[in-house]
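Next come the chains, spelled out residue by residue.
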Amino acid sequence: MVMKKGVTALLAEAEADIRTLSPAEAHAMMDDPNVRLVDIRDVRELDRKGMIPGALHAPRGMLEFWVDPESPYHKPAFATGQTFVLYCAGGLRSALAAKTLQDMGLEPVAHIGGGFAAWQEAELPTAPRPSSSSSSHPSSKKTG
């Protein structure tokens, strides 16, 4: 099967249009109230590897629905006007997701190049995923 546009082309287009941050740059922004880190990995990945402390968990499969204020699944966390810095395991899904959200009109958006693996390699702080019984954590809300 020949793809009209393969993943390599999609990633190249995304990387040309989005802002890519190093783990150190993203870490330096963590305490800025105008910045929100967003973990788009699957919950099983968070359970296995942990996550960046304070990051909002927004699974990749629901991201566009959570961002769109017209969606029945909209999450108010995405209507704050903050800068959203996405990350996944290796930086590929977050690059595509950042491009999609930017195309939808959510700005400013960036992603962490190399993803959570690069974050860990840089020996930056990680934490276990908060328990699903923690009602104050955004990832504990139903995803639809």
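Structure: above.
(A) The arrangement of the pairing of strand 5 (residues 109-112) in detail. Side-chain alternation along strand 5 places Val 109 and His 111 on one buried face and Ala 110 and Ile 112 on a second face that is also buried. Across three bridges, strand 1 (residues 19-21) lies against strand 5 in parallel orientation. Counterpart to Thr 20 in the pairing with strand 5 is His 111. Taken together, the three bridges between strand 4 (residues 83-87) and strand 5 define a ladder with parallel strand orientation. Bridging from a neighbouring strand, Val 85 pairs with Ala 110 of strand 5. What joins strand 4 to strand 5 is helix 5 (residues 92-104), and the crossover it makes is right-handed.

(B) Representation of the packing of aromatic side chains in the model. On inspection of all chains with the given rule, the structure shows three aromatic pairs. Where Phe 65 meets Tyr 73, the ring centres are 6.3 Å apart and the plane angle is 90°; that geometry is what we call edge-to-face. Relative accessible area serves as the criterion here: at 42%, Phe 65 is assigned to the partly exposed category. Here the aromatic rings of Phe 78 and Phe 84 are separated by 5.2 Å at their centres, their planes lie at 35°, and the arrangement is tilted. Residue classification places Phe 78 among the buried residues on the basis of a relative accessible area of 4%. Classification of Phe 84 as buried rests on a relative accessible area of 1%.

(C) Broad picture of the nonpolar core. Core analysis: the largest hydrophobic core is formed by 20 residues, its most contacted members being Val 38, Ile 40, Leu 63, Phe 78, Leu 86, Leu 101 and Leu 106. Among the elements of the structure, helix 4 (63-67), strand 4 and helix 5 are those that each provide at least two residues to this core. The leading source of residues in this core is helix 5, at four residues. The contacts of Phe 78, once residues within four sequence positions are left out, are Val 38, Leu 56, Ala 58, Leu 63, Trp 66, Val 67, Phe 84 and Leu 106. Listed in part, the 16 residues of the second largest apolar core include Leu 21, Ala 26, Ile 52 and Trp 119.

(D) Inspection of helix 5 at higher detail. Given a rise of 1.5 Å per residue, 13 residues ought to cover 18 Å, and the 19 Å separating the end C-alpha atoms of helix 5 matches this to within 8%. For helix 5, the full list of buried residues reads Ser 94, Ala 95, Ala 97, Ala 98, Lys 99, Leu 101 and Gln 102. Buried-residue contacts for helix 5 involve helix 1 (7-17), helix 4, strand 4 and strand 5. Just downstream of helix 5, Gly 105 is the residue with a positive phi angle, here 110°.

The rules behind these values
- Residues numbered from 1 in each chain as written.
- Predicted model: local features only at pLDDT ≥ 70, side-chain atom pairs only at ≥ 80, totals over all residues.
- Heavy atoms only, no water.
- Buried < 20%, exposed > 50% of the residue type's maximum accessible area, 1.4 Å probe, protein only.
- Helix = DSSP H or I, 4+ residues; strand = E, 2+ residues; numbered from the N terminus.
- Pairing = 2+ DSSP bridges.
- Right-handed = clockwise from strand over helix to strand, strands pointing away.
- Phe/Tyr/Trp six-rings, centres within 6.5 Å; stacked < 30°, edge-to-face > 60°.
- Core = buried A, V, L, I, M, F, W, Y, C linked by side-chain atoms within 4.5 Å.
- Contact = heavy atoms within 4.5 Å.
- Expected span 1.5 Å × (residues − 1).

Geometric descriptors of this kind do not, in isolation, establish any biological role.
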